[in-house]
Amino acid sequence: MSKNYIVGFPRIGEQRELKRVLESFWAKTAGFSEVQKVAAELKARHWEYQRDAGVDFISSNDFSLYDNMLDTSVMFGAIPQRFKHLSGEELYFAMARGDASSVAMEMTKWFNTNYHYLVPELSSNDSYKLDASKIVNEYNEAKKLGIKTKINIIGPITYLGLSKRADRGDSYEFWGKILPLYEELFKVIGTLDDEITIQIDEPIFAKELNTKVLSLIKPTYDRLCAVSPNINIAVVTYFEHSNEATKILVHTPIWALGLDFLYGDENLDSLELIAKSGKKVIAGVVDGRNIWRCSVAKTLGLLENISLVVKKENILVSSSCSLLHTPFTLKYEDKMNSEIKEWLSYALEKLDEISLVSKLFFDGENSLNKTQKEALNSNIKANQSRKNSTLVHSKRVQERVQNHTKFQRDGISSERIALQREILGYKDLATTTIGSFPQTPEIRKARSDFKNSLISKDEYEKEIKKYIDECVAFQEECGLEVLVHGEPERNDMVEYFGEQLSGYGFSQNGWVQSYGSRCVKPPFIYGDISRPKPMTVEWISYAQSRTNHIMKGMLTGPVTILNWSFVRDDMARGEVSKQIAVALSDEIDDLQKAGIKIIQVDEAAFKEGYPLRDEKIKIYEKWAVRDFKIAVSSAKKETQIHTHMCYSEFNDIINTIEDMDADVISIETARSGNELLKIFKEVGYKKEVGPGVYDIHSPRVPSVDEMVKQIELLLEVLPKEQLWINPDCGLKTRKWEEVKQALKNMVEAVRIVRERLDA
Ligand code: GLN
Ligand code: ZN
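From a predicted model like this one, the values you see are computed outputs, not experimental measurements.

Participant: Before we go on, may I ask you to explain the overall build of the protein in this structure?
Facilitator: Looking only at helices and strands, the protein has 27 helices and 25 strands in total. For the protein, restricting intrachain contacts to residue pairs at least 6 apart in sequence, the fraction spanning at least 24 positions comes to 77%. A total accessible area of about 30,500 Å² is found for the protein, and carbon and sulfur atoms account for 50% of it.

Participant: Sorry, what's going on with the site of ligand 1 here?
Facilitator: Around ligand 1, the surrounding shell consists of Ile 434, Gly 435, Ser 436, Glu 487, Met 493, Met 554, Asp 602, Ala 604, His 644, Cys 646, Cys 729 and Gly 730. The backbone of Ile 434 places a nitrogen or oxygen atom 3.1 Å from a nitrogen atom of ligand 1. Side-chain polar atom of Asp 602 to a nitrogen atom of ligand 1: 2.7 Å apart, as the coordinates give it. When ligand 1 sits alone it has 300 Å² of accessible area, and the protein chains cover 92% of it.

Participant: Can you walk me through the sheet that holds strand E15 (residues 502-505) in this structure?
Facilitator: Backbone hydrogen bonds hold the strands of a sheet together, and the pairing may be parallel or antiparallel. Pairing is mixed across the open sheet formed by three strands, whose spatial order is E15-E18-E20. Every other strand in the sheet has two partners, leaving E15 and strand E20 (566-567) as the edge strands with one partner each. As paired elements, E15 and strand E18 (residues 524-530) share three bridges and run antiparallel to each other. What sits directly across from Ser 502, in E18, is Ser 530.

Participant: Which parts of the structure should I look at to understand the coordination of the zinc ion (ligand 2)?
Facilitator: Tetrahedral coordination by four donors places them ideally at 109.5 degrees to one another around the metal; octahedral coordination by six donors ideally gives 90 or 180 degrees. Around the zinc ion (ligand 2), the protein contributes the donor atoms His 644 (NE2), Cys 646 (SG) and Cys 729 (SG), which lie 2.0 to 2.2 Å from the metal centre. Coordination at the zinc ion (ligand 2) is irregular, judged from the four donor atoms that bind it and the angles of 79 to 123° they form at the metal. Taking the relative accessible area as the measure of exposure, His 644 reaches 2% and is therefore buried.

Participant: What exactly am I supposed to notice about the layout of surface pockets here?
Facilitator: Rolled over the atoms, a probe with the dimensions of a water molecule shows which regions are left empty. In this model, the second largest pocket occupies a volume close to 980 Å³. Of all the elements in the fold, those that place two or more residues in the lining of the second largest pocket are helix H2 (32-52), helix H3 (68-75), helix H4 (88-97), helix H5 (133-144) and strand E6 (150-154). Split into classes, the residues belonging to the lining of the second largest pocket amount to 20 nonpolar, 13 polar and eleven charged.

Participant: What is the right way to read helix H1 (residues 17-26) from this model?
Facilitator: In an α-helix, one full turn covers 3.6 residues, which means residues spaced three or four apart are oriented alike. The element H1 is largely enclosed, with a buried count of seven among its ten residues. Residues of H1 that are buried include every one of Glu 17, Leu 18, Lys 19, Val 21, Leu 22, Phe 25 and Trp 26, and no others. The secondary structure elements touched by the buried residues of H1 are H2, H4 and strand E17 (518-520).

Participant: Just checking my understanding: could you explain the packing of helix H15 (residues 395-402) against helix H22 (residues 573-593) for this structure?
Facilitator: Pairs of packed helices are described in terms of their axes, by the angle between the two and the distance that separates them. As a packed pair, H15 and H22 sit with axes 10 Å apart at the nearest point and diverge in direction by 80°. Considering the angle they form, H15 stands roughly perpendicular to H22. Touching Val 397, Arg 400 and Val 401 of H15 are Lys 578, Gln 579, Val 582 and Asp 586, all from H22. Among the residues making up the contact of H15 with H22, the classes are represented as three nonpolar, one polar and three charged.

Participant: Mind showing me how you'd approach the nonpolar core here?
Facilitator: Side chains of nonpolar character tend, in soluble globular proteins, to be buried together. If you look at the biggest cluster of nonpolar residues, it comprises 108 residues, and the most contacted ones within it are Trp 110, Phe 186, Ile 189, Tyr 221 and Ile 233. Looking at which element gives the most residues to this core, the answer is helix H13 (residues 347-363), with nine residues. When near neighbours in sequence (up to four residues on either side) are disregarded, Trp 110 contacts Met 69, Tyr 115, His 116, Tyr 117, Ile 154, Thr 158, Leu 162, Pro 203, Tyr 238, Phe 239 and His 325. Core analysis: the second largest hydrophobic core is formed by 100 residues, Cys 478, Val 537, Val 689 and Leu 731 among them.

Participant: Hey, could you run me through the pattern of salt bridges in this one?
Facilitator: If the charged atoms of two oppositely charged side chains come close together, the side chains can form a pair. Applying the stated criterion across every chain yields a total of 58 salt bridges. With a closest N to O distance of 3.0 Å, Asp 469 and Arg 546 form a salt bridge. Here the residue Asp 469 occupies a position in helix H18 (residues 457-478), and Arg 546 occupies one in the loop between helix H20 (537-545) and strand E19 (550-556), the gap between them amounting to 77 residues. Judged by its relative accessible area of 26%, Asp 469 is partly exposed. If you follow the salt bridges from partner to partner, you end up with Arg 409, Arg 416, Glu 658, Asp 661, Asp 663 and Lys 687 in one network.

Participant: Just to check I follow, could you spell out the packing of aromatic side chains for this structure?
Facilitator: A ring pair, where both rings are aromatic, is described by two values, the distance of the centres and the angle of the planes. On inspection of all chains with the given rule, the structure shows 34 aromatic pairs. Measuring from centroid to centroid gives 6.3 Å for Phe 111 and Phe 239, while their planes differ by 50°, and the two rings are tilted. Here Phe 111 is found in the loop between strand E3 (107-109) and strand E4 (116-118), whereas its partner Phe 239 is found in the loop between strand E9 (231-236) and helix H9 (243-249), with 128 residues between them in sequence. Taken as a pair, Phe 111 and Phe 239 share a single burial class, namely buried. Clustering of aromatic rings is evident, with ring pairs tying together Phe 25, Trp 26, Phe 32, Tyr 66, Tyr 92 and Phe 93. Directly above the aromatic system of Phe 361 lies the positively charged group of Lys 312, at a separation of 4.6 Å from the ring centroid. One residue, Arg 386, lies across the ring of Trp 292, its end atom 4.1 Å from the ring centre.

Participant: Honestly, helix H23 (residues 614-632) in this entry has me stumped. Any pointers?
Facilitator: The first and last C-alpha atoms of H23 sit 27 Å apart over 19 residues, in line with the 27 Å expected at 1.5 Å per residue. The set of residues buried in H23 consists of Ile 617, Tyr 620, Glu 621, Trp 623, Ala 624, Val 625, Asp 627, Phe 628, Lys 629, Ile 630, Ala 631 and Val 632. Check the buried side of H23 and you find it contacts helix H21 (558-563), H22, strand E21 (598-602), strand E22 (640-644) and helix H24 (654-660).

Participant: Just to check I follow, could you spell out the sheet that holds strand E24 (residues 688-691) for this structure?
Facilitator: Spatially, the six strands line up as an open sheet ordered E14-E19-E21-E22-E23-E24, and their pairing is parallel. The open sheet is flanked by strand E14 (482-483) and E24, the only strands paired with a single partner. Bridging between E22 and strand E23 (residues 664-667) involves three bridges; their strand directions are parallel. Across the sheet, residue His 642 finds its bridge partner in E23, namely Val 664.

Participant: Quick question: what am I supposed to make of the environment of Gly 557 here?
Facilitator: Mapping Gly 557 onto the fold places it in the loop between E19 and H21. Once the C-alpha coordinates of Gly 557 and Ala 604 are considered, the two residues, 47 residues apart in sequence, prove to be 8.3 Å apart. If we ignore the near neighbours within four places in the chain, the residues touching Gly 557 are Leu 584, Val 601, Asp 602 and Glu 603.

Participant: Looking at this model, I keep getting lost on the environment of Leu 302. Mind explaining?
Facilitator: Take Leu 302: it is sitting in helix H11 (residues 296-307). C-alpha of Leu 302 to C-alpha of Phe 261: the two residues are 41 residues apart in sequence and 8.4 Å apart in space.

Participant: It is not clear to me how the packing of H11 against H13 should be interpreted in this structure. Could you clarify?
Facilitator: Contact pair H11 / H13: the axes reach a minimum separation of 10 Å and the direction vectors enclose 50°. Comparing the axis directions of H11 and H13 gives the class oblique. When you trace H11 past H13, the crossing you get is right-handed. Contact residues: H11 offers Val 296, Thr 299, Leu 300, Leu 303, Glu 304 and Ser 307, while H13 offers Leu 356, Val 357, Leu 360 and Phe 361. Classifying every residue of the contact of H11 with H13 gives seven nonpolar, two polar and one charged.

Participant: What am I meant to see in the environment of Glu 470 here?
Facilitator: Its place among the elements puts Glu 470 in helix H18. Given the relative accessible area of 48%, Glu 470 is considered partly exposed. C-alpha of Glu 470 to C-alpha of Gly 486: the two residues are 16 residues apart in sequence and 9.7 Å apart in space.

Participant: Can you help me understand the pairing of E9 in this one?
Facilitator: It is a general feature of regular strands that their side chains alternate between the two faces of the sheet. Extensive coverage of E9 is indicated by the burial of six of its six residues. Every second residue of E9 is oriented toward a common face, with Ile 231, Ile 233 and Val 235 on one face and Asn 232, Ala 234 and Val 236 on the other, all of them buried. Since strand E8 (residues 196-201) and E9 lie parallel, the crossover through helix H8 (residues 211-226) that links them has a hand, and here it is right-handed. The pairing of E9 with strand E10 (residues 256-260) spans three bridges and is parallel. Bridge pairing in E10 places Val 235 opposite Leu 257.

Calculation rules
- Residues numbered from 1 in each chain as written.
- Chains lettered and ligands numbered in written order.
- Predicted model: local features only at pLDDT ≥ 70, side-chain atom pairs only at ≥ 80, totals over all residues.
- Heavy atoms only, no water.
- Helix = DSSP H or I, 4+ residues; strand = E, 2+ residues; numbered from the N terminus.
- Contact = heavy atoms within 4.5 Å.
- Areas by Shrake-Rupley, 256 points an atom, 1.4 Å probe, with all protein chains shown as cover.
- Near = heavy atom within 4 Å.
- Polar contact = N/O pair within 3.5 Å; in protein donor to acceptor, adjacent residues only side chain to side chain.
- Pairing = 2+ DSSP bridges.
- Donors = N, O, S within 2.8 Å, 3.2 Å for Na, K, Ca; no water.
- Tetrahedral: all angles 85-135°; square planar, octahedral: opposite > 155°, others 65-115°.
- Buried < 20%, exposed > 50% of the residue type's maximum accessible area, 1.4 Å probe, protein only.
- 1 Å grid on protein atoms, 1.4 Å probe; cavity = no way out; pocket = protein on both sides within 12 Å on 5 of 7 lines; lining within 4 Å.
- Points joined across faces, edges and corners; volume = space filled by probe spheres on them.
- Nonpolar A, V, L, I, M, F, W, Y, C, P; charged D, E, K, R; others polar.
- Axes fitted to C-alpha atoms, helices over the stretch in contact; angles between N-to-C directions.
- Parallel < 35°, antiparallel > 145°, perpendicular 65-115°, else oblique.
- Core = buried A, V, L, I, M, F, W, Y, C linked by side-chain atoms within 4.5 Å.
- Salt bridge = Lys/Arg side-chain N within 4 Å of Asp/Glu carboxyl O.
- Phe/Tyr/Trp six-rings, centres within 6.5 Å; stacked < 30°, edge-to-face > 60°.
- Lys NZ or Arg CZ within 6 Å of the ring centre and 35° of its normal.
- Expected span 1.5 Å × (residues − 1).
- Left-handed = near helix turned anticlockwise from the far one by under 90°.
- Right-handed = clockwise from strand over helix to strand, strands pointing away.

Keep in mind these numbers describe shape, not what the thing actually does.
Here's what the structure looks like:
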């Protein structure tokens, strides 16, 4: 007896086949039938992989041509007014990506992952109607291949909780409209087979919920369970514990609860209750969102713990969440250090881990066949090697980090800023940019040619210098006041630093879906982190040597480096981030010694690392702020520290921002006038702020007039002495023509506003 369960599987394909065909279809070089053909092949292959690995519970409807939340909206006919004239794939992709006449639906992060879903738009002007065809077809597709699947569905509480109302109001008001559609859907599903399992994903149960939402759980699941006697319902949560919901769900007739015991070990506290209810526990014990090979011994220990309370026959062994959040397979990683590769496990390899652990748990070691015995030995060996390897553990780094006692900069911010203004001599409403300038095809080619040894170091450096020269010349000519070098040597703000830090690894094929056809390939932190040598000093100093203006040094902050990487699981995240912070503090010291007077430490991903639960948010904020401050602790009073954050909603984190103690923060407020700046005034924020005055995410060039108005709006909230004027993020995705015109207009707007203020 072994019951192996996978919450969901990646769909982009091991060679990103789905990405390729979708992008060809959008570029009109492939027809929709080709998309369907590739999709069918991928589904079939993915089901077979899982079957061959011995997975008992394989999903259908975890596949999607773009996103499952979008699929759910389409299934219910929740189509925003602006798309209603469309149908079929045209409708589907217009909702996802926008078209000539309508903007796309809003996209946002799926809980605390880097996967993005399309936010449903509900409105009382709309009526909803079920179209179950995707689910029915996918179920039958698998059945034809001889594979009986469980059907994955996003649960009603999560669907509504993540929706927004086009007509204002609370989405949960639509419970009475949407639940009958779920019942109708279950009726349809009930006819598909004699006995059928539905997995209902309710990740929203992993967040703090108010009593109103909690009160919806019981009626929802009582009603869904009543629809059809041949349906088994498994309610699955992940990324955190869901103890409040569990307390309610045990009193409904659901068949199983899926819980994440890795990212929410508090779920263990619910086991007594579940055991009493006699329900199954789908035990998420193999990490579905990281790349480390599990330790079979440890995983087994966790399962044994669970079985102290819940009968073995009621336990299923599962991934902690959908494997969507891990890369597909290690089999194409042929350039990776072989010792390190042994420590890793992507989605395909995780299937085998689950099978092995489950076999051991249910049937004992004696039941293993030869291959399984080998797999077990290899797992033990890999874990031992990782535990002892000098690639991972450096006494020197550990001691250095432990003995680091400088936790903040000298002086208080008001004195520091006064001193800096005196020395740096910048004006009120000083103009600057966020760091990157357009990444041209030539510069991309130079980087990749150099990486592939097609050009020499000399040739490469000549290209970079040429770019910097031109970039500096443009900024001077344009009249910008604090300059940047433009970041031509960086393809990515985390990878660039990862490549130069010890303890960082890179994959060839570690792609993870971010949204639609877009994938990211995060680097991974496997060992203690240190900085063998300066990382940015040469380029920044070169750029500074080309101008008499102040050249701003540009670094990525410790928390962002951490949040955009896969992080080792044998050390607390806060400890890893502290190691990065200490390395960065050395970099800052080197920059100021080289004569750099302003240094920006980007924390673009500071907010997205926030945990789902309040009590853990406090812990996160504590070490995240500590590590930002450690990173900049080496900056002398007269060195001005800037930071940049890529969002605009600061209301709930304003105190944390204040604690970070940066002299200047630039933020993304261009799309909301001065509304979002007001919180800075409310809390009496005294340091300097650069609220982006135009949106760099659009190719549109804002006029001088527009920006004058925007600056005047800002001045209604904060005094000129406190404001910097800049675009709202880096310019690397824009074209030079757009950037040149927009920045000229921005500088002109500042000139006009200053003149008015002086008059
Ligand atoms: N300095 C970086 C840039 O300008 C910041 C990017 C970001 O915030 N995402 O590209
Ligand atoms: Zn940004």
